[in-house]
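Topology and contacts: notes
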Amino acid sequence: ISNVNKLEKVWDKAEELIIGVFSLIALGLIVFEVVARYFIPSILPDWGAELTTYLMITAILIAGSPLVLRGQHIRADLFIRRFPQKLQVVTEAANLLVGLIYCAIVAKFGWDVVVFAQMLDIRSYSSLQFPLWIFYVALPLSFGLMTLRYLKRVYRFFFHFDVSQLLGNEPMHGVPQQQSRGAQD
């Protein structure tokens, strides 16, 4: 296995770990708050829902990266699957380029928001007084990761095209997946 493949596997595992740990902590906080609300309301922190929100939004944003890699992100492919293969190729190329540009723009402006929030020392209203720039980092980080995943997909699409790349049927780490109906046309 090449160093690039090893790095990519570490990257994939790191994303999975972050998503899993953040979701598990958020779930634990929710369960704690529900139990405490009914049995010991005096121990309820005012920041539980806030922290749960930060964790879940970050996990959801980070989850965009593996979805982009596998072509499982949101897109309108209901009709595209019925197009002839040549039109599917053009549509997929446009989709990849628009996705790449959009994610890069959001990552750049997301970073501007982080810098601005840090400069103004914007904090949450709860007793936690959480520095919001830390939470805001999730936006440029996740969209930066998606940008890198789009770059990989664009490179593969334009320089190593395979019909299986159409409509999210790309193999992940060399494991082939079943072709879509549209790719067989």
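The sections below set out a description of the structure shown in this document. (Residues numbered from 1 in each chain as written. Predicted model: local features only at pLDDT ≥ 70, side-chain atom pairs only at ≥ 80, totals over all residues. Heavy atoms only, no water.)

Along the protein chain, the regular secondary structure elements total 6 helices and 0 strands. Written out in order from the N terminus, the α and β elements of the protein chain read α-α-α-α-α-α. For the protein chain, the residues scored as buried account for 37% of the 185 residues in total. Look at the contacts in the protein chain between residues 6 or more apart in sequence, and 69% of them connect residues 24 or more apart. For the protein chain, the accessible area works out to roughly 11,400 Å², and carbon and sulfur atoms hold 72% of it. (Helix = DSSP H or I, 4+ residues; strand = E, 2+ residues; numbered from the N terminus. Buried < 20%, exposed > 50% of the residue type's maximum accessible area, 1.4 Å probe, protein only. Contact = heavy atoms within 4.5 Å. Areas by Shrake-Rupley, 256 points an atom, 1.4 Å probe, with all protein chains shown as cover.)

Counting through the fold element by element, Ser124 comes out in the loop between α3 (85–120) and α4 (132–136). Among the residues examined, Ser124 registers a relative accessible area of 5% and is labelled buried. Polar side-chain contacts of Ser124 include one of 3.5 Å to the side chain of Ser126. With residues up to four places along the chain from it excluded, the contact list for Ser124 reads Glu50, Tyr54, Gln129, Phe130 and Leu132. (Polar contact = N/O pair within 3.5 Å; in protein donor to acceptor, adjacent residues only side chain to side chain.)

With that settled, consider the nonpolar core. Nonpolar side chains in soluble globular proteins tend to end up buried together. Residues Val68, Ala93, Leu96, Leu100, Cys103, Val106, Ala107, Phe143, Met146, Tyr150, Val154 and Phe157 constitute the largest nonpolar core, which totals 12 residues. If you list the elements that add at least two residues to this core, you get α3 and α5 (138–159). Considering each element in turn, this core owes the most residues, 6 residues, to α3. (Core = buried A, V, L, I, M, F, W, Y, C linked by side-chain atoms within 4.5 Å.)

Here α3 contains 36 residues, and its C-alpha end-to-end distance of 52 Å stays within 8% of the 52 Å for a straight helix at 1.5 Å per residue. When α3 is considered as a whole, its buried residues turn out to be Gln88, Glu92, Ala93, Leu96, Gly99, Leu100, Cys103, Val106, Ala107, Gly110, Val114 and Ala117. Following α3 by one or two positions, Asp121 has its phi on the positive side, about 55°. (Expected span 1.5 Å × (residues − 1).)

Glancing now at the packing of aromatic side chains. Summed over all chains, the structure comprises 7 aromatic pairs. Ring geometry for Phe157 against Phe158: centres 5.4 Å apart, planes inclined by 80°, an arrangement best described as edge-to-face. Between Phe157 and Phe161, the aromatic rings sit 5.1 Å apart at their centres with planes inclined by 85°, giving edge-to-face as the arrangement. Site record: aromatic cluster; members linked through ring pairs are Tyr54, Phe130, Phe135 and Tyr136. Here the basic side chain of Lys108 rests over the ring of Phe109, its NZ or CZ set 5.2 Å away from the ring centre. Over the face of the ring belonging to Trp11 we find Arg149, whose NZ or CZ atom lies 4.0 Å from the ring centre. (Phe/Tyr/Trp six-rings, centres within 6.5 Å; stacked < 30°, edge-to-face > 60°. Lys NZ or Arg CZ within 6 Å of the ring centre and 35° of its normal.)

Geometry only, nothing functional implied.
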